[in-house]
Amino acid sequence: MPANIVVGTQWGDEGKGKIIDILASRADVVVRSQGGNNAGHTVVNNGEVYKLHLVPSGILYKNTLCLIGAGVVLDPKDFTGELRELESRGISTDNLKIDPRAQIVMPWHIALDGLSESFRGSKDIGTTKRGIGPAYCDKYERCGIRMYDLVHPDILAEKIQSTGTLKNKIITEVYGGEPFDLDAVTKEYTEYGKILAPHMDDVSVLTFNAHKEGKTIMFEGAQATLLDIDFGTYPYVTSSHPLSAGVCVGTGVGPKVITNIIGVAKAYTTRVGKGPFPTELDDEIGDRIRNTGGEFGTTTGRPRRTGWFDAVIVRHSVRVNGLDSLAINKLDTLANIGTLKICVAYKKPDGTVTEHFPPALEELDGCEPIYEEFEGFTEDISDCRTFEELPESCQKYILRLEELVGCHVGMIGVGPDRTQVIER
Ligand code: GDP
Ligand code: IMO
Ligand code: MG
């Protein structure tokens, strides 16, 4: 009856897809609860690479039920493309269900994402321009179009006319952009509705029943803690709650269902998009980590910013998510880097030291990372399958990291493949 949550503990792209894929092999149900196709999760099986955006990573297992909960924002154009791509590679998508309450990303959300980013100029957030923020805005403004509406053509047509008319006014009169032809949008989205209708089902009920029947459930996080709308580096965040607690509201399950919460981190830190990054390496070591680790965005292809492991942010994640354990990925990428560093605390401009991530960017400004240094390693560790097989310097790095963030490291990634992991 375990119900595991997997969440990101840094700024995304920690390798959640790989960890979820490994754990999904032991799960009956995999559920996505927030975010949209801003996410990009990579799963590697025997050299075959799958890049998933909205489809839960459990899809690669034939008998796993894959669910998309009410808290997700779903772009039907991109999503149907993802389904087609999976089907063309011989992966069945029959076991995939979407909650009728999930919000639909409409074309004006994508347009408005781009227009508002341009309006912000040099103060842009660096969004994925997938319409995520504007779609969540409409949800809270209570004018969103939901999955239920998408598969009911009369409701859809009416909502596209009412919401679309207002959106066209904003696009043209506020931003000077091009309006959408609402009849064409209605026609196109009605077709998506027809394709997706067989996939609509009440995810809250399905999850509840699976739990009652003693099935193993995995909740798949997208984005990460430091991108959380409240507990991240606001305003340089996404518009949902990637925290463990977000799973309950985003799926419609009670918190007592959850038995285990696993946080995923990299052995260093990366970030795409703008915003603070205290341990960022703007030098040759940062370039080396980027190139060796293939640190380019899965969704947008943008080069990821790279830096040392920051125990302050992961400590914050351990607390706000209530983590039971951590999976540390990409330890292999740190080979041949030389001396390694971990940020243990921040020194504030007034000379005081804090171990807690500040609540506002203004307080983070001027904070200096305080580092501890570690002997590096040169061995290829990608074939190690037990902790004891790792070079002593790697072991020391992980043991100290564990101590600094206050959480047990239960898994260590030594390569992208689903087999390249050490379980402790
Ligand atoms: P996600 O968004 O958290 O699922 O992560 P992404 O898929 O966007 O990015 C993680 C990248 O790291 C992918 O290219 C993975 O294949 C790769 N990866 C995951 N774990 C490991 C690991 O332990 N070692 C190496 N070398 N690559 C890994
Ligand atoms: P996964 O699930 C990394 C970042 C964007 C931007 C900010 C806001 O693969 O870890 P948005 O389009 O969400 O409004 O952009 O959030 N971002 C991610 N960064 N991984 C992700 O997902 C991300 N999803 C959003 O780069 O800085
Ligand atoms: Mg990703």
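Keep in mind that this is a model prediction, so the values were computed, not measured.

1. A closer look at the side chain of D228
Part 1 of the reasoning: Its place among the elements puts D228 in the loop between β9 (217-220) and α9 (244-251).
Part 2 of the reasoning: Here D228 is buried and forms no salt bridge, its nearest opposite-charge partner R319 lying at an N-O distance of 11 Å.
Part 3 of the reasoning: One polar contact links the side chain of D228 to the main-chain amide nitrogen of F231, over a distance of 2.9 Å.
Part 4 of the reasoning: Residues within four places of D228 in sequence aside, it is in contact with V237, S240, H241, P242 and L243.

2. Quick word on helix α4 (residues 132-141)
Part 1 of the reasoning: Considered for burial, the residues of α4 that qualify are I132, G133, P134, A135, Y136 and D138.
Part 2 of the reasoning: Buried residues along α4 sit in contact with β6 (73-74), α3 (107-120) and α6 (153-174).
Part 3 of the reasoning: One or two positions beyond α4, positive phi appears at R142, with a value near 65°.

3. So, the coordination of the magnesium ion (ligand 3)
For a metal with four tetrahedral donors the ideal donor-metal-donor angle is 109.5 degrees, while six octahedral donors give ideal angles of 90 or 180 degrees.
Part 1 of the reasoning: Within the protein, the atoms that donate to the magnesium ion (ligand 3) are D13 (OD) and G40 (O), at distances of 1.9 to 2.2 Å. Here D13 is found in the loop between β1 (3-8) and α1 (16-24), whereas its partner G40 is found in the loop between β2 (29-32) and β3 (41-45), with 27 residues between them in sequence.

4. Here's the deal with the environment of R304
Part 1 of the reasoning: Looking at where R304 falls in the secondary structure, it is placed in the loop between α10 (284-292) and β12 (305-307).
Part 2 of the reasoning: Here R304 falls in the buried class, since its relative accessible area comes to 6%.
Part 3 of the reasoning: Considering only alpha carbons, one finds R304 and T269, 35 residues apart in sequence, at a separation of 9.6 Å.
Part 4 of the reasoning: R304 has contacts with D13, K266, T270, R271, V272, R290, G294, E295, F296, G297 and T298, leaving out every residue within four places of it along the chain.

5. A word on the pairing of strand β15 (residues 340-347)
Part 1 of the reasoning: With respect to burial, β15 is a largely interior element, six of its eight residues being buried.
Part 2 of the reasoning: As paired strands, strand β13 (residues 309-310) and β15 are joined by two bridges and run parallel to one another. Within the sheet, the bridge partner assigned to F309 lies in β15 and is I342.
Part 3 of the reasoning: Taken together, the seven bridges between β15 and strand β17 (residues 368-374) define a ladder with antiparallel strand orientation. Note on β17: the bridge partner recorded for L340 is F374.

6. Considerations on the site of ligand 1
Part 1 of the reasoning: Around ligand 1 sit 20 residues, and of these K16, G17, T42, T298 and D332 come closest.
Part 2 of the reasoning: G17 places a main-chain nitrogen or oxygen 2.8 Å from an oxygen atom of ligand 1.
Part 3 of the reasoning: Here T298 contributes a side-chain N or O atom positioned 2.8 Å from an oxygen atom of ligand 1.
Part 4 of the reasoning: For ligand 1, whose accessible area on its own is 590 Å², the fraction buried by protein is 92%.
Part 5 of the reasoning: Among the secondary structure elements, those contributing two or more residues to the shell around ligand 1 are α1 and β3.
Part 6 of the reasoning: Classifying every residue of the shell around ligand 1 gives three nonpolar, ten polar and seven charged.

7. As for the site of ligand 2
Part 1 of the reasoning: Surveying the vicinity of ligand 2 reveals 20 residues, the closest of which are K16, H41, T128, Q223 and T238.
Part 2 of the reasoning: Here an oxygen atom of ligand 2 sits 2.9 Å away from a polar atom, N or O, in the main chain of D13.
Part 3 of the reasoning: Q223 places a main-chain nitrogen or oxygen 2.8 Å from an oxygen atom of ligand 2.
Part 4 of the reasoning: When ligand 2 sits alone it has 540 Å² of accessible area, and the protein chains cover 98% of it.
Part 5 of the reasoning: Considered class by class, the residues forming the shell around ligand 2 number seven nonpolar, ten polar and three charged.

About the thresholds
- Residues numbered from 1 in each chain as written.
- Chains lettered and ligands numbered in written order.
- Predicted model: local features only at pLDDT ≥ 70, side-chain atom pairs only at ≥ 80, totals over all residues.
- Heavy atoms only, no water.
- Helix = DSSP H or I, 4+ residues; strand = E, 2+ residues; numbered from the N terminus.
- Buried < 20%, exposed > 50% of the residue type's maximum accessible area, 1.4 Å probe, protein only.
- Lys, Arg positive; Asp, Glu negative; His and termini not counted.
- Salt bridge = Lys/Arg side-chain N within 4 Å of Asp/Glu carboxyl O.
- Polar contact = N/O pair within 3.5 Å; in protein donor to acceptor, adjacent residues only side chain to side chain.
- Contact = heavy atoms within 4.5 Å.
- Donors = N, O, S within 2.8 Å, 3.2 Å for Na, K, Ca; no water.
- Pairing = 2+ DSSP bridges.
- Near = heavy atom within 4 Å.
- Areas by Shrake-Rupley, 256 points an atom, 1.4 Å probe, with all protein chains shown as cover.
- Nonpolar A, V, L, I, M, F, W, Y, C, P; charged D, E, K, R; others polar.

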